[in-house]
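# Summary of the model geometry
The primary structure of each chain is shown beneath.
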Amino acid sequence: MRLRSLTLACSLAALTVPVFGGAAQAATHHHAATQEKAVAKQPAAPEPDDMIIRVINGIPLTKRDVDNRGKLFALSTGLPVNAELMDRLRPQIIRQLIDERLRTQEILSRHINVAPEQIAAAIAGIERRNGMPENALRNKLAEDGVSLTTLIDQIRVQIGWVQVLRQELGGRGRVSAREIAQREEALKREDGRIEYNLSEIFVRVEDPRHAEEELAFTNTVIQELRKGAPFPIVAAQFSESQTALDGGSMGWVQEDELDPSVVAMVKQMPVGVGAISNPITVPGGFVIISVNGKRVIGHQPGHVATIRQAFLPFDTPLNPAQVTPQQQQTLQKAMHYMQTASSCAEVEAINKQYGEKRPTDPGELQLERLNPQMRDLMLSLPLNKLSRPLVSTDGIDMIMVCSKKEKNFADRPPSEIADQLMNERVEQTARQLDSDLHRRAMIVDVHGKPRGV
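Residues numbered from 1 in each chain as written. Predicted model: local features only at pLDDT ≥ 70, side-chain atom pairs only at ≥ 80, totals over all residues. Heavy atoms only, no water.

Attention now goes to the packing of helix 4 (residues 83-109) against helix 7 (residues 148-169). As a packed pair, helix 4 and helix 7 sit with axes 9 Å apart at the nearest point and diverge in direction by 50 degrees. Overall, the two elements helix 4 and helix 7 adopt an arrangement that is oblique. Crossing angle aside, the handedness with which helix 4 passes helix 7 is left-handed. Contact residues: helix 4 offers Gln96, Glu100, Arg103, Thr104, Glu106 and Ile107, while helix 7 offers Gln154, Val157, Gly160, Trp161 and Val164. Across the contact of helix 4 with helix 7, the residue classes tally to 4 nonpolar, 4 polar and 3 charged. (Axes fitted to C-alpha atoms, helices over the stretch in contact; angles between N-to-C directions. Helix = DSSP H or I, 4+ residues; strand = E, 2+ residues; numbered from the N terminus. Parallel < 35°, antiparallel > 145°, perpendicular 65-115°, else oblique. Left-handed = near helix turned anticlockwise from the far one by under 90°. Contact = heavy atoms within 4.5 Å. Nonpolar A, V, L, I, M, F, W, Y, C, P; charged D, E, K, R; others polar.)

So, about the packing of aromatic side chains. Scanning the model with the defined rule gives 2 aromatic pairs in all. A ring pair is formed by Phe217 and Phe238, whose centres lie 5.1 Å apart and whose planes are at 70 degrees; its orientation type is edge-to-face. Of this pair, Phe217 sits in helix 9 (residues 212-226) while Phe238 sits in helix 10 (residues 231-238), and the two are 21 residues apart along the sequence. Residue Phe217 is classed as buried on the basis of its relative accessible area, which comes to 2%. Residue classification places Phe238 among the buried positions, given a relative accessible area of 0%. Between Tyr337 and Tyr354 the ring centres are 6.5 Å apart and the planes differ by 85 degrees, which places this aromatic pair in the edge-to-face class. One end of the pair, Tyr337, is in helix 12 (residues 325-340); the other, Tyr354, is in the loop between helix 13 (344-353) and strand 8 (365-366), with 17 residues separating them in the sequence. Residue class for Tyr337 comes out buried when judged on its relative accessible area of 14%. Owing to a relative accessible area of 16%, Tyr354 belongs among the buried residues under this scheme. For Arg358, the ring lying beneath its charged end belongs to Phe311, and the centroid distance is 3.9 Å. The side chain of Arg431 reaches across the aromatic face of Phe202, ending 4.3 Å from its centre. (Phe/Tyr/Trp six-rings, centres within 6.5 Å; stacked < 30°, edge-to-face > 60°. Buried < 20%, exposed > 50% of the residue type's maximum accessible area, 1.4 Å probe, protein only. Lys NZ or Arg CZ within 6 Å of the ring centre and 35° of its normal.)

Mapped onto the secondary structure, Pro91 falls in helix 4. Between the C-alpha atoms of Pro91 and Phe217, which are 126 residues apart in sequence, the distance is 7.9 Å.

Once that is clear, we can look at the sheet that holds strand 4 (residues 249-254). The strand order across the open sheet built from 4 strands is 4-3-6-5, with neighbouring strands paired in antiparallel fashion. The two strands at the open ends of the sheet, each matched to only one other strand, are strand 4 and strand 5 (280-282). Pairs of neighbouring strands in the sheet enclose a mean axial angle of 45 degrees, with direction left out of account. Sheet analysis places strand 5 next to strand 6 (residues 285-296), joined by 3 bridges and oriented antiparallel. Bridging from a neighbouring strand, Thr281 pairs with Phe286 of strand 6. (Pairing = 2+ DSSP bridges.)

Moving on, we get to the pairing of strand 3 (residues 194-204). For strand 3, the buried fraction is high: 10 of the 11 residues fall into the buried class. Bridge analysis of strand 3 against strand 6 gives 11 bridges, and the strand direction is antiparallel. For Asn197, the partnering residue across the bridge sits in strand 6 and is Gly293.

Next up on the list: unusual backbone geometry. The phi dihedral of Asn57 is positive, around 50 degrees, even though this residue is not glycine. Positionally, Asn57 belongs in the loop between strand 1 (51-56) and strand 2 (59-62). Judged by its relative accessible area of 37%, Asn57 is partly exposed. Non-glycine residue Asn384 carries a positive phi angle of around 60 degrees. Within the fold, Asn384 resides in the loop between helix 14 (372-380) and strand 9 (390-391).

In contact at an axis separation of 9 Å, helix 4 and helix 9 are set at 125 degrees when each is read in the N-to-C sense. Relative to helix 9, the element helix 4 is oriented oblique. Taken as a pair, helix 4 and helix 9 cross one another with a handedness that is left-handed. Of the residues in helix 9, those touching helix 4 at Leu85, Arg88, Leu89, Pro91, Gln92 and Arg95 are Glu213, Glu214, Phe217, Thr220, Gln223 and Glu224. Looking at the contact of helix 4 with helix 9 residue by residue, the class counts come to 4 nonpolar, 3 polar and 5 charged.

Now for the nonpolar core. Within the largest apolar cluster, 41 residues are counted, with the highest numbers of intra-cluster contacts made by Ile201, Leu225 and Ile288. When contributions to this core are tallied by element, the ones reaching two or more residues are strand 1, helix 3 (63-76), helix 4, helix 7, strand 3, helix 9, helix 10 and helix 15 (414-440). If one sorts the elements of this core by residue count, helix 4 sits on top with 9 residues. For this core, the two domains that each supply at least three residues are domain 1 (52-170) and domain 2 (192-297). Beyond its immediate chain neighbours, meaning those up to four positions away, Ile201 contacts Val221, Leu225, Phe231, Val234, Ala235, Ser239, Phe286, Val287 and Ile288. Ranked by size, the runner-up nonpolar core spans 16 residues in total, among them Met269, Ile280, Val287 and Ile289. (Core = buried A, V, L, I, M, F, W, Y, C linked by side-chain atoms within 4.5 Å. Domains from an automatic or database assignment.)

Mapped onto the secondary structure, Glu200 falls in strand 3. No salt bridge is formed by the buried Glu200, whose closest oppositely charged neighbour, Arg431, lies at an N-O distance of 5.8 Å. Side-chain polar atoms of Glu200 contact the side chain of Ser241, separated by 2.8 Å. Excluding its chain neighbours within four sequence positions, the residues that come into contact with Glu200 are Phe231, Ala235, Ser239, Ser241, Thr243, Gly248, Met250, Val287, Ile288 and Ile289. (Lys, Arg positive; Asp, Glu negative; His and termini not counted. Salt bridge = Lys/Arg side-chain N within 4 Å of Asp/Glu carboxyl O. Polar contact = N/O pair within 3.5 Å; in protein donor to acceptor, adjacent residues only side chain to side chain.)

For the structure shown, the criterion picks out 25 salt bridges. A salt bridge links Arg103 to Asp434, with the shortest nitrogen-to-oxygen separation between them at 2.5 Å. Linking Arg103 in helix 4 with Asp434 in helix 15, this pair joins segments that are 331 residues apart in sequence. Comparing Arg103 with Asp434 shows no difference in burial state: the two are buried. For Arg308, the salt bridge is made with Glu348, and the minimal N-O distance between the two is 2.8 Å. Here Glu348 lies in helix 13 and Arg308 lies in strand 7 (residues 301-313), a separation of 40 residues in the sequence. Taken together, the salt bridges that share partners define one network made up of Arg95, Glu213 and Glu214.

Next comes the structure, spelled out in C-alpha cells:
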C-alpha cells in the first residue's frame, strides 16, 4: 500500500498560532505581531541531508539520495546545477528512486550479483555513445563533487533488473528460428512501407487520473533536451523503458509496432536533426521521441566504412597564439605518422601508445549520416592512407579508412530481428513485474523525519 503525503496538513499545523481574546491581551497584540514579522523574515533552516523522505519496505530514502541523483543528471548532461532545476526534477527523482529500491530488493531476494566489470562496461558505453574520452564521465562527476557511487548504484539496478527479467521470462527468454522466420515473412509482405529509427524516453504514470507531476517532469526533460542535453545520457538517467541501457535506442521499427499516437507524432517530425517530440500519451505513461532515421522497407541503399583512429593528446589546451613545445612536437609526430603508417594495425598501435584517449575502432559508420566535412574526408581518403592531422584544442586526431562498401540498410539480419522480438517480450514482462512490486510494497511518506529517528 502507499500512504498519501501529510506535508500540507503538517505545514498548516506548524503555521497555526493561538489567537487570544479579551481586553487583557490588547496591550500585547502589537508587540506579538512585531515578533511574528521578525520570525517570518528569518530564512528557514536548511533541511538536513539525512532527512528521510520515504521508507520503502523498511529501507529509508533520504534527501541526500535525491540531491545526488539530481546533481548526477544535471552534471552528466552539462546543465547548470541550480535550485529551480532540482525542484522541477525532484518529484520524478523520488518516484524513480522508489522504483529502484523495489527493484534492488527483488534483485537481492533472487541472489543476483552484478559484477564490477559489467558496471564498468556500461559506463564506458555511455561515454562512447556520447563521443566522450575514456573515464571522462567519471572525472567530470568527481570534479563537480558528485559521488561515483550514485552512478554505479543506478547502473547496478539496471543491469540486475535485466537478469531478473531473464529469470522471469524463463523458457520464453529465447527467440526461436520459427519466430524469426515469421517476422521475416511479415517484413517481406510490407516491402515498400516506411519504417523509422527511433530513440525514446518513457516516463511511467501510476495513476492516469493524476498525472500532473509526471507531465510536468516530461516537459522539463523536453526543455533540457532542446537546450542541448544529450539524449542518450538523459535516457540512461530517467527513461523507465528497457531501452534505457542503450541510451533510449529502439532501433528500426515499423508503424504497426508503435502506438498510434507515436506514429502520428513521428510522421510530423524531421528526420536525423535531433528534433525532440512533445509529450506523447501512451498506455502506462508519457514518451518522448527523437527520429534518427527513416527508410523504405527493402530499399535503403547507402555506404559504410570501417576506420581506425589515433588521437595524440596535448598536455594543455591549444592556444594558437602561444603554441607550446609539447604541442609542436606532437604535430611533428603526427606528420611523421601520416607519411609512414600504411595499415590499420599500425594506427591501432599508435593510438594504444598514446593511451587510447579515444576509441580506436568506433564501429561501422554510415557515411550518409556523418557531418559533411567528415563524410567528404572519408570519401576522398584512399584505403590504408592516414589522413592529415585534424587539430583540436585538446589534441590531434588522425583517421585511416580500412574498408568501404555499399549496403542496403533495409536488410535486417536475423540477429536484429531476434533482438527486437526479445525487447518486445522483455518490455511487457518488466511493466507487469513493476506493477506487482508496487502493489505488494509498503511505501511510507515521512517528510521531515531525520534518519535514525
